[in-house]
Amino acid sequence: MEIGSIASLATSMAQTRTAQDVSIAVFKKALDTQSAGALALLDAIPVATAPRLPDHLGRNINTTA
């Protein structure tokens, strides 16, 4: 190999590595943004409360039906 081709290969590898690092950083930021949005949606869901039933309901099970 010639010295020129080795330098070219090293430069190309460094550029590829930098591009990969930038892509990973952008992906992580997008993932953080999506998770924050999902948590905001989950927090916006109102808590459902069950209606209060009379005391005589829900105590017996009909096993012959």
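A brief structural summary. Here the structure is a predicted model, which is why all the values come from computation and not from measurement.

Let's talk about the overall build of the protein
From N to C terminus, the protein includes one helix and zero strands. By the compact-globule yardstick of 11 Å for 65 residues, the protein is too spread out, its C-alpha radius of gyration being 31 Å. Principal axes of the C-alpha set define a box for the protein whose edges measure 90 × 30 × 10 Å. In the protein, which comprises 65 residues, the proportion classed as buried is 0%. On the protein, roughly 6400 Å² of surface is accessible, and the fraction owed to carbon and sulfur atoms is 64%. One way to put it: in the protein the 5 positive side-chain charges average out to a point 12 Å from where the 5 negative ones average out.

A look at a nonpolar patch on the surface
A cluster of nonpolar side chains, contributed by Leu39, Leu42 and Ile45, occupies part of the molecular surface with about 310 Å² of accessible area. In this structure, Ile45 sits in the segment after helix H1 (3-44).

Notes on the pattern of salt bridges
This model, assessed by the stated rule, comprises two salt bridges. Measuring nitrogen to oxygen at the nearest pair gives 3.5 Å for the salt bridge that ties Asp21 to Arg17. Residue Asp21 and its partner Arg17 are both found in helix H1; the two are separated by four residues, about one turn of the helix. On the accessibility criterion, Arg17 (53% relative accessible area) is exposed.

A word on the environment of Ala10
Counting through the fold element by element, Ala10 comes out in helix H1. Along the backbone, Ala10 and Ala38 are 28 residues apart, and their C-alpha atoms lie at a distance of 42 Å.

Rules and cut-offs
- Residues numbered from 1 in each chain as written.
- Predicted model: local features only at pLDDT ≥ 70, side-chain atom pairs only at ≥ 80, totals over all residues.
- Heavy atoms only, no water.
- Helix = DSSP H or I, 4+ residues; strand = E, 2+ residues; numbered from the N terminus.
- Rg over C-alpha atoms; globule rule 2.2 N^0.38 Å.
- Buried < 20%, exposed > 50% of the residue type's maximum accessible area, 1.4 Å probe, protein only.
- Areas by Shrake-Rupley, 256 points an atom, 1.4 Å probe, with all protein chains shown as cover.
- Lys, Arg positive; Asp, Glu negative; His and termini not counted.
- Charge placed at Lys NZ, Arg CZ, Asp CG, Glu CD.
- Patch = residues over 30% accessible without salt bridge, like charges linked within 9 Å, V, L, I, M, F, W, Y side chains within 5 Å.
- Salt bridge = Lys/Arg side-chain N within 4 Å of Asp/Glu carboxyl O.

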